[in-house]
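Chain by chain, the residues:
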Amino acid sequence: MARPGPGAMLASGGLGFPPQNVARVVVWEWLNEHGRWRPYSAAVCHHIENVLKEDARGSVVLGQVDVQLAPYVIDLQSMHQFRQDTGTMRPVRRNFYDPSSAPGKGIVWEWENDNNSWTPYDMDICITIQNAYEKQHPWLDLSSLGFCYLIYFSSMSQMNRQTQRKRRLRRRMDLAYPLTMGSIPKSQSWPVGPSTGTPSCSCPQCLLVNSTRAASNAILASQRRKLYPGTVRQSSTFAGTALWPAGTATPAVVAAKGEGLRVAGAGFGPGQGVPSAALPGLNNLNRPGTQRGAGLGARAAVPPGVPALPVKNLNGTGPVHPALAGMTGILMCAAGLPVCLTRAPKPILHPPPVSKSDIKPVPGVNGICRKTKKKQLKKSKTPEDVVRRYIQKVKNPPDEDCTICMERLVTSSGYEGVLSPRGIKPELVGKLGKCGHMYHLLCLLAMYNNGNKDGSLQCPTCKAIYGEKTGTQPPGKMEFHLIPHSLPGYTDSKTIRIVYDIPTGIQGPEHPNPGKKFTARGFPRHCYLPDNEKGRKVLKLLIVAWDRRLIFTIGTSNTTGESDTVVWNEIHHKTEFGSNLTGHGYPDPNYLDNVLAELLAQGVSEATLKD
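Everything in this summary refers to the structure shown in the same document.

Quick notes on the rules
Residues numbered from 1 in each chain as written. Predicted model: local features only at pLDDT ≥ 70, side-chain atom pairs only at ≥ 80, totals over all residues. Heavy atoms only, no water. Pairing = 2+ DSSP bridges. Helix = DSSP H or I, 4+ residues; strand = E, 2+ residues; numbered from the N terminus. Axes fitted to C-alpha atoms, helices over the stretch in contact; angles between N-to-C directions. Contact = heavy atoms within 4.5 Å. Phe/Tyr/Trp six-rings, centres within 6.5 Å; stacked < 30°, edge-to-face > 60°. Buried < 20%, exposed > 50% of the residue type's maximum accessible area, 1.4 Å probe, protein only. Expected span 1.5 Å × (residues − 1). Parallel < 35°, antiparallel > 145°, perpendicular 65-115°, else oblique. Left-handed = near helix turned anticlockwise from the far one by under 90°. Nonpolar A, V, L, I, M, F, W, Y, C, P; charged D, E, K, R; others polar. Salt bridge = Lys/Arg side-chain N within 4 Å of Asp/Glu carboxyl O. Arc of directions from axis to C-beta.

### Concerning the sheet that holds strand S29 (residues 525-530)
- Strand order in the open sheet formed by four strands is S19-S25-S26-S29, with antiparallel pairing between adjacent strands. Single-partner strands in this sheet number two, and they are strand S19 (369-372) and S29. Pairwise comparison of adjacent strand axes, ignoring direction, gives a mean angle of 20° for this sheet.
- Inspection of the sheet shows strand S26 (residues 495-501) paired to S29 by six bridges, in the antiparallel sense. Paired with valine 499 across the bridge in S29 is histidine 526.
- Strand contacts of helix H9 (residues 533-547): S19, strand S25 (476-483), S26 and S29, with the helix running at about 170° to S25, the strand carrying the most contacts.

### Brief notes about the packing of aromatic side chains
- Scanning all chains against the criterion turns up 12 aromatic pairs.
- Considering the side-chain rings of tyrosine 490 and tyrosine 586, the 5.9 Å spacing of their centres and the 85° angle between planes classify their relative orientation as edge-to-face. Here tyrosine 586 lies in the loop between strand S31 (565-568) and helix H10 (591-601) and tyrosine 490 lies in the loop between S25 and S26, a separation of 96 residues in the sequence. Considered together, tyrosine 490 and tyrosine 586 belong to a single accessibility category, that of buried residues.
- A ring pair is formed by tyrosine 500 and tryptophan 568, whose centres lie 6.0 Å apart and whose planes are at 80°; its orientation type is edge-to-face. You can see tyrosine 500 sitting in strand S26 and its partner tryptophan 568 sitting in strand S31, a full 68 residues away along the chain.
- Clustering of aromatic rings is evident, with ring pairs tying together Tyr500, Phe523, Trp546, Phe552 and Trp568.

### As for H9
- Taking 1.5 Å of rise per residue, the 15 residues of H9 would be expected to cover 21 Å, and the 22 Å separating its terminal C-alpha atoms lies within 8% of that figure.
- Every buried residue belonging to H9 is among Gly535, Val538, Leu539, Leu541, Leu542, Ile543, Val544, Ala545 and Trp546, and all of these are buried.

### Quick word on the packing of H9 against H10
- Where H9 meets H10, the closest approach of the two axes is 10 Å, and the angle between their N-to-C directions is 25°. As the angle between them shows, H9 and H10 are arranged roughly parallel. In this structure, H9 meets H10 at a crossing whose hand is left-handed. Of H10, the residues touching H9 (which contributes Lys534, Gly535, Lys537, Val538, Leu541, Leu542 and Ala545) are Leu592, Asp593, Val595, Leu596 and Leu599.
- Residue composition of the contact of H9 with H10, grouped by class: eight nonpolar, one polar and three charged.

### A short note on unusual backbone geometry
- The linkage connecting phenylalanine 523 with the following residue, proline 524, adopts the cis geometry, with an omega of 0°.
- Along the chain, the position of proline 524 falls in the loop between strand S28 (517-518) and S29.
- Between tyrosine 586 and the following residue, proline 587, the backbone shows a cis peptide bond with an omega angle of 5°.
- Mapped onto the secondary structure, proline 587 falls in the loop between S31 and H10.
- The phi dihedral of methionine 406 falls on the positive side, at around 65°, and the residue is not glycine.
- Within the secondary structure, methionine 406 is located in the loop between strand S20 (391-394) and strand S21 (429-432).

### A word on the pattern of salt bridges
- This model, assessed by the stated rule, comprises 25 salt bridges.
- Between arginine 90 and glutamate 33 there is a salt bridge, with the nearest N and O atoms lying 3.5 Å from each other. With a gap of 57 residues between them, arginine 90 in strand S8 (residues 89-97) and glutamate 33 in the loop between strand S3 (23-31) and strand S4 (37-39) connect regions that are remote in the sequence.
- For the salt bridge of aspartate 401 with arginine 408, the shortest nitrogen-to-oxygen distance reads 2.9 Å.
- Take aspartate 401: its relative accessible area is 32%, and that puts it in the partly exposed class.
- The structure contains a network of salt bridges with shared partners spanning Glu110, Arg170, Arg172 and Asp174.

### Some thoughts on the sheet that holds strand S14 (residues 166-173)
- Ordered in space as S10-S9-S14-S13-S12-S11, the six strands form an open sheet in which the pairing is antiparallel. A strand with exactly one partner marks an edge of an open sheet, and here the two such strands are strand S10 (118-120) and strand S11 (139-141). Going from strand to strand, the sheet's axes swing by 30° on average, the running direction of each strand aside.
- Two elements, strand S13 (residues 157-160) and S14, share three bridges in a ladder whose sense is antiparallel. Counterpart to glutamine 158 in the pairing with S14 is arginine 167.
- On the sheet, helix H3 (residues 123-134) packs against strand S9 (107-112), S11, strand S12 (149-152) and S14 and is oriented at approximately 105° with respect to S9.

### What to know about the pairing of S14
- Looking at chain direction, S9 and S14 are connected through five bridges and run antiparallel. Bridge pairing in S14 links tryptophan 111 to leucine 169.
- Counting the residues between successive antiparallel strands, the hairpin from S13 to S14 contains five residues, one of them, glutamine 164, with a positive phi of roughly 65°.

### Focus on helix H7 (residues 383-390)
- Those residues of H7 that sit buried are Val386, Val387 and Tyr390. One face of H7 carries all of its buried residues, which in axial projection span an arc of 95°.
- Buried-residue contacts for H7 involve S20, S21, helix H8 (441-449), strand S23 (457-458) and strand S24 (465-466).

Here it is in structure tokens:
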């Protein structure tokens, strides 16, 4: 099967144009972290083309057509996508294909990913699959495109030739990609000068868009400065006015997620620019290797002594939020400061390699491994027996609300008629033994039936636990041992490493969707504690929590939004070994005390170690 040509690409300052009077389908694409060009949807491409016709020097707010792309803006002048909340920038391109190909017909080929959702193929692969499908080939080998996959049209599946793993694929109809013909008039050709227009509306997002061009243009200019370090072009925003005297330095460093903005100290007079004829083409920015090299070179050019403003926590709880870093870079480059690419520090997730002979048991802790199996339901106690076990009946209750049903305690429970248990009347009121809070017995029974039914009760007001609380953690394995490396902040101690491993499986009756498959992402998960007295105490209590199935549960991931997956269950762990960039590492002097409090909230206390 011959690979169809992707269409002619004529570069002009980073943007392609079709030949004169030849119709072509336009597909806008962005460069991902793996160096592959990923297509925007047809609806997004129509939106970009419409903005392009109105203002060839403008910016495109992608959230106006796709709410999932709300943080993203495309700067048409520099051909970069800018993410407003992190400051991350990626190259984009305008590619052309034959109108009779898949994008011209609105045909999309997709494969099923691990989240049971569908991912579109790259556009050249999509076109190749569609051509083979139209010619009624029974199968297609994608190795010519650099992929070790076979496509089987009879079963609509994709098979990895190395692992033999199969995935479903599908063909669906969507909006056709936009058509264009001929070249754009010279008055709209790339590159263009600074825009003097006003935003299309006065919303905060559109007001921000005008500043985005300055940031992206400054980053492109930094590539020129790497080759010509002695000169720099003053920003047209402040043309003719020098904000700092020549020879002085205004050092500032801003790091953002992935790629940040670094501003080095420099003083330049207006009019000192790099001759445009001597500059190399800008298309090299579309190659990720070139970007990495430019970033490293720019970093080395920063004078010594420049203070750093690192983003210690990429989730936003550090001293500088990534979005603030990006906006600071925009303001600095708009003021005419030289800007160059740099990278934020990467977290150190794992320790150096450890040989098996160096792995030792943790002193004072029995064993090195714990396993959990499927939950065995206790049949000895009925729900009515459990409630009666922990309460004392109150003959004359006070005239106040029951905080479960919000009815007055002197009246019947709000669950009257909903539950009809033996021996529990709707007007009966009980007081919990430890904390003394009062509720209708029928309300406590309803609360228990709606929970894990493990023989324990938890006061809904003060969270006091009665009995032994257990969770819904699926079956798995917990390993723990000592490694000969130290955590930041604990240089005099070795490290306790905990390894959790939970496989995928089927949800049981205690889970949100019994009988449905659940996923287990990111396992095995490695966690770390200092090998000192308090660290060993935390380990012992975590083992108790593991045995009670309290470490993990099945729910919706706060990170990915995926449902029916294994997630942490309110007991925080440190998964970053040698740094604390994510907030899940060391040094953190309060962590051990905090996790002890979290374990206590789950009913796991030091008293359990003495039993």
